[in-house]
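# Breakdown of the fold
Next come the chains, spelled out residue by residue.
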Amino acid sequence: MHSSISGTTRLLGLIGDPVDHSLSPAMHNAALAALGENYCYVPFPVAPDHLAAAVAGLAAIGVRGFNVTIPHKQAILPLLQQVDARASAVGAVNTVYPLPGGGWAGTNTDIDGFLQPLLPLKLKGIPTLILGSGGAARAVIQGCLEQGLQPLRVVGRSPQKLATLQQTWPQIQVLTWAELDSCLAQTQLVINTTPIGMQKGEFDAKNTATSPLSWEQLRLLPTGAIVYDLIYVPDPTLLLQMAADLGHTPITGLEMLIQQGAKALSLWLGGKPVPVAMMRQAAQQQLAQS
Ligand code: NAP
């Protein structure tokens with residue numbers, strides 16, 4: 001946020017339900033202040049029934065761009081005048097910006113945010129396994145395929161969702177959780193896109209809410225494996241702690257959150273470089289306080 005709000009302050013924001021615990025306002029406002037940009041990023045709680053009215057209202061008051069979070073990432077698509085090919089493939093938009101002639105365009109910076117920590121590792125062609133088949137998994141699949149991570153396997157519990165994924169991306173392999181162990185020894189990158197692990201605690205085979213993979217399953221991974229957890233609260237998750245204890249390389253979901261935000265902010269500011277380190281610091285500070 002700029003040091004003072006004035007008649008020329010422009011608005012950016014976030015729509016979701018709920019938005020109370022979002023780290024985005026802290027991240028974006030810290031970056032905007034550092035850049036001296038006269039913008040303010042505001043979270044707007046929007047109930048599903050009010051989505052269309054909210055999107056029209058944001059245009060009416062001249063908002064310069066906004067992020068979209070749960071539960072609106074899919075529902076917003078028909079309300080946008082333009083959606084890029086990657087967001088269309090994923091079926092979800094997390095960043096919206098105004099079109100020059102009026103109306104909104106949507107894109108998906110979750111894909112870039114997810115990929116950013118992997119790019120320096122030059123992973124093309126490594127066998128990859130995605131745990132979960134929900135909304136975040138779709139952005140992750142798109143990113144993995146763009147980077148040539150293969151074979152690409154997806155584990156899910158809903159046969160219907162797995163079939164839909166297979167239809168969208170015929171090059172992936174889908175499997176059930178019961179089939180998981182058989183492919184771990186050939187997997188060099190595991191990505192958790194389920195919410196399993198948001199609950200803190202020791203791994204307990206009877207309480208599978210704490211980690212999507214057990215010690216035994218993590219031991220099946222080859223030396224040098226990378227374990228990427230999209231969850232960022234707690235940070236690190238039990239999955240990442242266990243993976244690090246076994247000598248695997250952990251990647252936290254906080255980096256994806258920061259990088260998707262940095263990409264969105266840069267887009268709203270016309271391609272300007274943004275202070276990512278400052279956004280990371282603001283997110284970490286807010287997490288430490290919560
Ligand atoms: P979602 O659409 O609800 O998908 C969750 C997936 O996990 C579904 O496939 C679901 O299976 C599966 N799942 C849930 N509980 C399970 C269990 N006990 N056993 C097996 N599978 C289970 O949610 P999402 O939007 O994809 O988000 C998933 C996670 O990613 C959340 O923790 C979210 O915070 C995180 N995330 C992080 C970032 C980031 O920037 N770091 C961005 C997006 C999401 P069913 O389909 O059968 O229900």
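Because the structure is predicted, anything quoted here is derived from the model rather than measured. (Residues numbered from 1 in each chain as written. Predicted model: local features only at pLDDT ≥ 70, side-chain atom pairs only at ≥ 80, totals over all residues. Heavy atoms only, no water.)

Another point: the pairing of strand β1 (residues 10-16). In regular strands, side chains alternate between the two faces of the sheet. Most of β1 is tucked away, with five of its seven residues classed as buried. Of the pairings in the sheet, the one linking β1 to strand β2 (residues 39-45) comprises seven bridges and is parallel in character. Residue pairing in the sheet places G13 in a bridge with V42 of β2. Between the parallel pair β1 and β2, the chain is carried across by helix α1 (residues 24-35), and the sense of this crossover is right-handed. Taken together, the three bridges between β1 and strand β3 (residues 66-68) define a ladder with parallel strand orientation. Across the sheet, the residue bridging to I15 is V68, located in β3. (Buried < 20%, exposed > 50% of the residue type's maximum accessible area, 1.4 Å probe, protein only. Helix = DSSP H or I, 4+ residues; strand = E, 2+ residues; numbered from the N terminus. Pairing = 2+ DSSP bridges. Right-handed = clockwise from strand over helix to strand, strands pointing away.)

Residue position: N38 is located in the loop between α1 and β2. A polar atom in the side chain of N38 sits 3.0 Å from the side chain of T8. Only 2.9 Å separates the side chain of N38 from the side chain of T9, close enough to count as a polar contact. (Polar contact = N/O pair within 3.5 Å; in protein donor to acceptor, adjacent residues only side chain to side chain.)

Counting residues in hydrophobic clusters, the biggest one holds 28 residues, and the most contacted among them are F114, I130, I141, C144, L189, I191 and Y228. At the level of elements, α4 (109-115), α5 (135-146), β8 (152-156), α6 (159-168), β10 (189-192) and β11 (226-229) are the ones that each hand at least two residues to this core. When residues of this core are assigned to their parent elements, the largest contribution, five residues, is made by α5. When we break this core down by domain, the ones giving at least three residues each are domain 1 (10-108 + 255-289) and domain 2 (112-252). Residues in contact with I130, not counting those within four places in the same chain, are A137, V140, I141, C144, L152, R153, V154, V155, I191 and T193. One finds L23, A31, L257 and I258 within the second-largest nonpolar core, a separate group that totals 21 residues. (Core = buried A, V, L, I, M, F, W, Y, C linked by side-chain atoms within 4.5 Å. Domains from an automatic or database assignment. Contact = heavy atoms within 4.5 Å.)

In this section: the domain arrangement of the protein chain. Per the domain assignment, the segments of the protein chain are domain 1 (10-108 + 255-289) and domain 2 (112-252). Here the C-alpha centroids of domain 1 and domain 2 sit 26 Å apart. Each partner contributes to the interface: domain 1 provides 13 residues, whereas domain 2 provides 17 residues. The three residues of domain 1 that bury the most area against domain 2 are R86, V90 and M256, which together make up 44% of that side's buried surface. For the interface between domain 1 and domain 2, the tally reads two salt bridges. The salt bridge partner of R86 is E146, with a shortest N-O separation of 2.8 Å. Between domain 1 and domain 2 we count five residue pairs in polar contact (both at pLDDT 80 or more) in total. Listed by contribution, the elements that provide at least two residues to the side of domain 1 that touches domain 2 are α3 (85-90) and α10 (253-268). Tallying contributions element by element places α10 first for the side of domain 1 that touches domain 2, with six residues. Looking at the side of domain 1 that touches domain 2 residue by residue, the class counts come to six nonpolar, four polar and three charged. (Buried area = accessible area lost by both parts, 1.4 Å probe. Salt bridge = Lys/Arg side-chain N within 4 Å of Asp/Glu carboxyl O. Nonpolar A, V, L, I, M, F, W, Y, C, P; charged D, E, K, R; others polar.)

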